[in-house]
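Here is how the chains run, residue by residue.
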Amino acid sequence: MAALAMAPGYAINQELQLDYRMNEHIVQVPAGPQDRAMLETTVFQPNGPGPFPLIIINHGKDPGRPSLQPRDRFYHMASAFVKRGYAVMVPMRQGFANSTGRYADHGCDMTANGYSQAEDIRDTLDYARQQPWIDKEHIVVAGQSYGGLATIALGAQPLPGVRGLINFAGGLRDDSDRCAWRSQLVSAFAEYGAKNTVPTLWMYGKNDSLFGPELAKRMHAAFEGAGGRGRLVEFEPFKRDAHGMLASRDGEKVWLEDTEKFLKQVGMPTEVLHEVPPPPSPAKTDYARVDDIGAVPFLSEHGKRAYQEYLTKMTPRAFAVSPSGAWTWAEEGEDPDGRALATCSAKSTEPCRLYSVDDYVVWTGERIDAAEKAAATASLSPAPAPAATSAPTTSVGSTTR
């Protein structure tokens, strides 16, 4: 006790250990004309007052209405940067998720689309540079998909404190009639390259379903040919679709090495300073083997077919069930456990529980014999087969009436 009393820093350090939540919180960033809009912005950061170097990570666009798009967190990438002492900001641009303001859509004009989205990133950057917990001279900006296009568009203007831009599978697809979106993207990146002010890193996968290798090379060549500074990294096929690599738990194995090299080149820190434990996961049980379809409780024949399909899905994955006969599986992306439970509960008349996670069973209930199972599913009618969607995926079925 006397020794500890003489070393108060030790006690403080123990008290301030980072956990998996990384001090996550949401701030409202003013944006747009007269700062009338507010951007719902997720912040992760190390303990303490800072100032911290900063990375701003920018999201893509899901199909459908932007206001229905969930808040992006880029948890796996954020964790890698918080370990290295960074603060992380993930702004939802105007009209997305719970951000106010109106989503600006310029149709097939990809140059204008990029510039328009970059305005919200610039407002986030200006806000960040005013915060005492941010090192305003050590900032990097990254973006995925539409966020990657907007990030490179941002680099067409002077950016105080920004050392580099990282483009993960950047672009925007528009399949409407008479929209030559590929050529439009090439033209957009050429204009951004002509005005480029900071170094850039580009990363595209060989099996990207939206922006394949040939298009990625055309866009990058146009950018560099017009005077932009940027290195293109073409990585090997990633799972079913490289376009979702950044949101994957396994994506760090792909992007980290080249990103660290780039960060060093532009004078940003790369040394690991903090340990960030992984989020807690349900414990494995001895209820059954994960591939024992007959052991899964409450499933109708349709539900059993769904579980068999679930066993072919990529990890991370999770399967949830309910006594009502509802079921859901989710794969890839952030928090498949939580997504499976939330979607199942929304469709069920009774509480849902996780049955399996990744490659093991987490069910803690009693084994249900054949008679009980038959009684539980006798009055249940089959639901339509789940539609195939791109990763991350959540598939839901309910056999309730």
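Quick note: structure is the one above.
Below is a short write-up of the structure. (Residues numbered from 1 in each chain as written. Predicted model: local features only at pLDDT ≥ 70, side-chain atom pairs only at ≥ 80, totals over all residues. Heavy atoms only, no water.)

## So, the overall build of the protein chain
Keep this limit in mind: Secondary structure counts use DSSP, requiring at least four H or I residues in a row for a helix and at least two E residues in a row for a strand, with both numbered from the N terminus. For every residue, the accessible area obtained with a 1.4 Å probe (protein chains only) is divided by the maximum for its type, and the residue is called buried under 20%, exposed over 50%, and partly exposed between those limits. Should any heavy atoms of two residues lie within 4.5 Å, those residues are considered in contact. Here the accessible surface of atoms and residues is derived via Shrake-Rupley with a 1.4 Å probe, and residues count as covered only by protein chains that are part of the display.
A count of helices and strands for the protein chain gives eleven helices and 13 strands. For the protein chain, the residues scored as buried account for 51% of the 401 residues in total. Put simply, 71% of the contacts in the protein chain that link residues at least 6 apart link residues at least 24 apart. Summed over all atoms, the accessible surface of the protein chain reaches about 18,200 Å², with 52% contributed by carbon and sulfur.

## What to know about helix α6 (residues 181–194)
So the rule is basically this: Expected span, for any helix, means 1.5 Å times one less than how many residues it has. It is the directions from the helix axis to the C-beta atoms that the arc portrays.
An ideal rise of 1.5 Å per residue puts 20 Å on 14 residues; α6 measures up with 20 Å between its terminal C-alpha atoms. For α6, the full list of buried residues reads Trp-181, Leu-185, Val-186, Ala-188, Phe-189, Tyr-192 and Gly-193. Angularly, the buried residues of α6 cover 160 degrees about the axis, an arc narrow enough to put them on a single face. Buried-residue contacts for α6 involve α4 (110–129), α5 (146–154), β6 (162–168), β7 (200–205) and α7 (213–225).

## Points about the packing of α4 against α5
Worth spelling out the cut-off: As a rule, the C-alpha atoms of each element are fitted with a line to give its axis, helices using only the stretch in contact, and angles between N-to-C directions run from 0 to 180 degrees. Any angle from 65 to 115 degrees is called roughly perpendicular, while one under 35 is roughly parallel, one over 145 is roughly antiparallel, and all others are oblique. Residue polarity is assigned by list, with Asp, Glu, Lys and Arg as charged and Ala, Val, Leu, Ile, Met, Phe, Trp, Tyr, Cys and Pro as nonpolar; anything else, Gly included, falls into the polar class.
Two elements in contact, α4 and α5, have axes separated by 7 Å at closest approach and are oriented at 80 degrees. Comparing their axes, α5 and α4 come out roughly perpendicular. Packed against α4, whose contacting residues are Met-110, Asn-113, Gly-114, Tyr-115, Gln-117, Ala-118, Ile-121 and Arg-122, the element α5 presents Tyr-146, Leu-149, Ala-150, Thr-151, Ala-153 and Leu-154 at the interface. A breakdown of the residues in the contact of α4 with α5 according to their chemical character gives nine nonpolar, four polar and one charged.

## Thoughts on the state of the cysteines
Our working definition: Two cysteine sulfurs form what is called a disulfide whenever their separation falls within 2.5 Å.
Per the stated rule, a full pass over the model turns up two disulfides. A sulfur-sulfur separation of 2.0 Å characterises the disulfide bridge that pairs Cys-108 with Cys-179. On the S-S bond that ties Cys-108 to Cys-179, the torsion sits near 85 degrees, and the link is right-handed. Taken together, the residues span a long stretch of sequence, with Cys-108 in the loop between β4 (87–91) and α4 and Cys-179 in the loop between β6 and α6 at a distance of 71 residues.

## What to know about the pattern of salt bridges
For clarity, the cut-off: Any carboxyl oxygen of Asp or Glu within 4 Å of a side-chain nitrogen of Lys or Arg constitutes a salt bridge here.
Enumeration according to the criterion identifies 19 salt bridges in this entry. Ionic pairing is found between Glu-191 and Lys-195, a salt bridge with its closest N-O pair at 3.5 Å. For Lys-195, a relative accessible area of 42% gives the class partly exposed. Through salt bridges with shared partners, one network takes in Glu-24, Arg-71, Arg-73 and Glu-334.

## Observations regarding unusual backbone geometry
Across residues other than glycine, the phi torsion is negative in most instances, and most of the peptide bonds are trans. Here the bond from Gly-50 into Pro-51 is cis, since omega is 5 degrees, no more than 30 degrees from zero. By secondary structure assignment, the location of Pro-51 is in the loop between β2 (37–44) and β3 (52–58). Cis geometry marks the peptide bond from Thr-315 to Pro-316; its omega dihedral reads 5 degrees. With respect to the helices, strands and loops of the structure, Pro-316 is situated in the loop between α9 (301–310) and β9 (317–321). The phi torsion at Asp-335 lies on the positive side, around 50 degrees, for a residue other than glycine. Tracing the backbone through its elements, the reader meets Asp-335 in the loop between β10 (327–331) and α10 (336–347).

## Considerations on the nonpolar core
Quick note on the threshold: For the purposes of this section, nonpolar cores are sets of buried Ala, Val, Leu, Ile, Met, Phe, Trp, Tyr and Cys residues that join through side-chain atoms within 4.5 Å.
Counting residues in each nonpolar core, the largest one holds 51 residues, and the members touching the most others are Met-89, Phe-189 and Met-219. Residues contacting Met-219, with those up to four places away along its chain left out, are Gly-170, Leu-185, Val-186, Phe-189, Trp-202, Tyr-204 and Phe-211. In terms of nonpolar packing, the next biggest core, distinct from the first, is built from 34 residues, Phe-235, Ala-242, Leu-246 and Val-276 among them.

## A word on empty space enclosed by the protein
So the rule is basically this: For cavity detection a 1 Å grid was placed over the protein atoms alone, and a set of points counts as a cavity when a 1.4 Å probe fits there but cannot get out; an open set counts as a pocket when protein lies on both sides within 12 Å along at least five of seven lines, with lining residues being those that have an atom within 4 Å of a point. Grid points are joined across faces, edges and corners, and a volume is the space filled by probe spheres set on the points.
Per the counting criterion, the structure on display carries two cavities of 30 Å³ or more. Each pocket or cavity is described by its volume, and for the second largest cavity that value is around 50 Å³. Forming the boundary of the second largest cavity are Gln-144, Phe-168, Ala-169, Met-203, Phe-235, Ala-242, His-243, Met-245 and Leu-246. Looking at the lining of the second largest cavity, its residues break down into seven nonpolar, two polar and no charged.

## A word on the pairing of β7
Our working rule: DSSP calls a pair of strands paired once it identifies at least 2 bridges connecting them. Handedness rule for crossovers: strands pointing away from the viewer, path from the first strand over the helix to the second running clockwise, crossover right-handed.
Most of β7 sits out of view: six of its six residues are buried. Side chains of β7 alternate between two faces, with Thr-200, Trp-202 and Tyr-204 and Leu-201, Met-203 and Gly-205 buried alike. In terms of strand pairing, β6 meets β7 through four bridges, oriented parallel. Bridge pairing links Leu-165 to Thr-200 in β7. Crossover handedness for the path β6 to α6 to β7: right-handed. Summarising the sheet, β7 and strand β8 (residues 230–235) pair through six bridges and their orientation is parallel. Within β8, the residue paired with Gly-205 across the bridge is Phe-235.

## Let's talk about the packing of aromatic side chains
We apply this condition: Ring geometry is summarised as follows: Phe, Tyr and Trp rings, the Trp one being its six-membered ring, pair when their centres sit within 6.5 Å, and such pairs are stacked at plane angles under 30 degrees, edge-to-face over 60 and tilted between the two. For a Lys NZ or an Arg CZ to count as sitting over a ring, it must be within 6 Å of the ring centre and within 35 degrees of the ring normal.
Applying the stated criterion across every chain, the model contains 19 aromatic pairs. Seen from their ring centres, Trp-202 and Tyr-204 are 6.3 Å apart, and the 35 degrees between their planes marks the pair as tilted. Comparing Trp-202 with Tyr-204 shows no difference in burial state: the two are buried. Over the ring of Tyr-310 we find Arg-317, and its NZ or CZ is 4.9 Å from the ring centre.

Keep in mind that these numbers describe shape and distance, not what the molecule does.
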